[in-house]
Amino acid sequence: MGKRAMESNGEEKQPRLGKGRVTLEVSNPREMKRETKYKRGEVVSLQHSYPLRLMVPENASASSCRWIYPLTFGGGLVGGDMIDIDYNIGEKCVALVTSQESTKVYHCKGHSAVSQQNFNYNLSDDAFLAVLGDPVVCFADARFKQTQKVHMSSRSSLVLLDWMTAGRMALKELWKVDSYHSLIEVYVDDELVFRDNQQLSDTPCHTLQHAMRGFQVLGTCVVLGKDVEHLIQHLKHLYSRPLTIGQQLRTDITCSFSPLEVETKETTLQGCYVRFLAASTRLGFSVVKEITSALSDMLGGDPFANKY
Amino acid sequence: MEQTLLLLQLSDSAFPTGGFSHSLGLESSVQHRQILHTEDLKSFITCALENAGSFNLPFVREAYTFCSDLKTLQQLDRLCNVSTANHIANRASSRQGRSMADTASKVFQADDLHQLSSGLKHRHYPVVFGAVCGCLGLPLELTRASFMSGVARTTVASAVRLDKLGPVEAQKTLAVLQKLIPDIIARNQSRSAEDACITFPVMDVLQNCHDKLFCKLFYS
């Protein structure tokens, strides 16, 4: 896929609307043996329109997990672009939504329109979905809005990571984004149980750059469901242990951990909400690695292998 | 005159809402060595005010508007709860809201106030604050100003107790930062609770780490 320097390409003014949908299903999930938790899902429906492309390679993973790559021509979004994707993960399927590279949000001169991404994730009973992509990188003056809505059954499991970096560090472009809006909502059996809404921008009282206090990476991870207990324990152990006497807190990485508990009609789901701040992309990536390391068996590989 | 006196009573530190036991993340930020100079402190308080404006004020306003509609208040309370996944902020909010609802219902003896302490599950502070002010007939503008002034006062008072400011310096800082409040209120005055958001996340993440601290003065 050819990467184009959209930012300097003044002609690229026609806003693009890329729509996509991918549906994974297992044939006869009810006939599976009870002890078989997950089976390899088949792609029963796959649609996409320019500039979006959805790829589901046959042999990406060593487990029954299917890896899904949403790709955007041009390697990023320009003002006015809108990407809209529905992911439907069927019963007993396990899927990973990941990426090949960071999502760049460019700024078009004279183009004040917002670049948008809307992702809907629908998880059926006993489905497992991990969303572990590369970070969003907003260039100076970019305007970005991302909405991620998860509709999950109380018998499914979710790991959703969303992270961003300050911008093009090589150009000393730190937190110069005009506006960055990210909304994550999780519904369990159609009831809203989690909402994370961040709208970052300069205000007349304060600049974003100043308020970010030298951190260059901001990340959020939501984990929830019946089959993520080991990951929750792993993250809890890493990020919520109280300090011991005299122990100093790190100033270059900060990770927070909040437990989540969702009561449904049938059961109580456990989960957690992790956020991290890191002083460099490399440090931010080390946190991402810590989070994903507990998932490699389930995913059948490491989506971040040989990166960063 | 009556309203002003009511407002003074509600916003007085003697009115037991327990605000003094919260630092809104300042203590954790200090221990994370993020508050080294007075400028850092001003930045912190500005961020606290901006986040209160973009996240809490929408709940204050809607609860104020629907102060006698229990069903809507319950929805707001629930929305506030699922929108505050930061468990430190969540418990600080519901603790203060609970104290305020209980105190207000005992002090002012109005039916609408009783339903706040009995009818809301989480009793989040901005929801209770807006509803109490609405039930008592205070003007919306004063309600918002009073909420924001509480945030400024709480953080500045915490800074004094954390030995980051002297008492006179603290009042000087408060006098300066208070001037930001009208602008923050104006920018968020029509924001809906559905759109309540965090504007500056760093202090929120640092607050989220509060329970990791080995020794602490504050509850949040």
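Above this text is the structure in question.
Here's what I pulled together on the structure shown here. Here the structure is a predicted model, which means the values were calculated and not measured.

Thresholds applied
- Residues numbered from 1 in each chain as written.
- Chains lettered and ligands numbered in written order.
- Predicted model: local features only at pLDDT ≥ 70, side-chain atom pairs only at ≥ 80, totals over all residues.
- Heavy atoms only, no water.
- Phe/Tyr/Trp six-rings, centres within 6.5 Å; stacked < 30°, edge-to-face > 60°.
- Helix = DSSP H or I, 4+ residues; strand = E, 2+ residues; numbered from the N terminus.
- Buried < 20%, exposed > 50% of the residue type's maximum accessible area, 1.4 Å probe, protein only.
- Patch = residues over 30% accessible without salt bridge, like charges linked within 9 Å, V, L, I, M, F, W, Y side chains within 5 Å.
- Areas by Shrake-Rupley, 256 points an atom, 1.4 Å probe, with all protein chains shown as cover.
- Salt bridge = Lys/Arg side-chain N within 4 Å of Asp/Glu carboxyl O.
- Contact = heavy atoms within 4.5 Å.
- Pairing = 2+ DSSP bridges.

Time to look at the packing of aromatic side chains. Residues and elements named next belong to chain B. Under the definition given, this model contains 14 aromatic pairs over all chains. A centroid spacing of 5.6 Å and a plane angle of 50 degrees characterise the contact between Phe-55 and Phe-59, whose relative ring orientation is tilted. With a gap of four residues between them, Phe-55 and Phe-59 both fall in helix H3 (residues 38-65), about one helical turn apart. Residue Phe-59 is classed as buried on the basis of its relative accessible area, which comes to 0%. Ring geometry for Phe-129 versus Phe-147: centroids 5.2 Å apart, planes at 75 degrees, classification edge-to-face. Residue Phe-129 is located in helix H7 (residues 125-135), and its partner Phe-147 is located in helix H8 (residues 140-161); the two are separated by 18 residues in the primary sequence.

Together, Met-1, Leu-5 and Leu-8 of chain B line one region of the surface with nonpolar side chains, adding up to about 380 Å² of accessible area. Considering the arrangement of structural elements, one finds Leu-8 of chain B in helix H1 (residues 2-11).

Turning our eyes to something else, we now look at the side chain of Gln-117 of chain A. Residues and elements named next belong to chain A. On the secondary structure map, Gln-117 appears in strand S9 (residues 115-123). A relative accessible area of 5% places Gln-117 in the buried class. The contact partners of Gln-117, leaving out residues within four places of it in the chain, are Leu-77, Ile-83, Thr-103, Phe-144, Lys-145, Gln-146 and Thr-147.

On to the pairing of strand S12 (residues 143-152) of chain A. Residue and element names in this part refer to chain A. As paired elements, S9 and S12 share nine bridges and run parallel to each other. Paired with Gln-116 across the two strands is Lys-145, which belongs to S12. One ladder, built from ten bridges, connects S12 with strand S14 (residues 179-188); its direction is parallel. Residue Val-150 lies in a different strand from S14, and its bridge partner there is Val-186.

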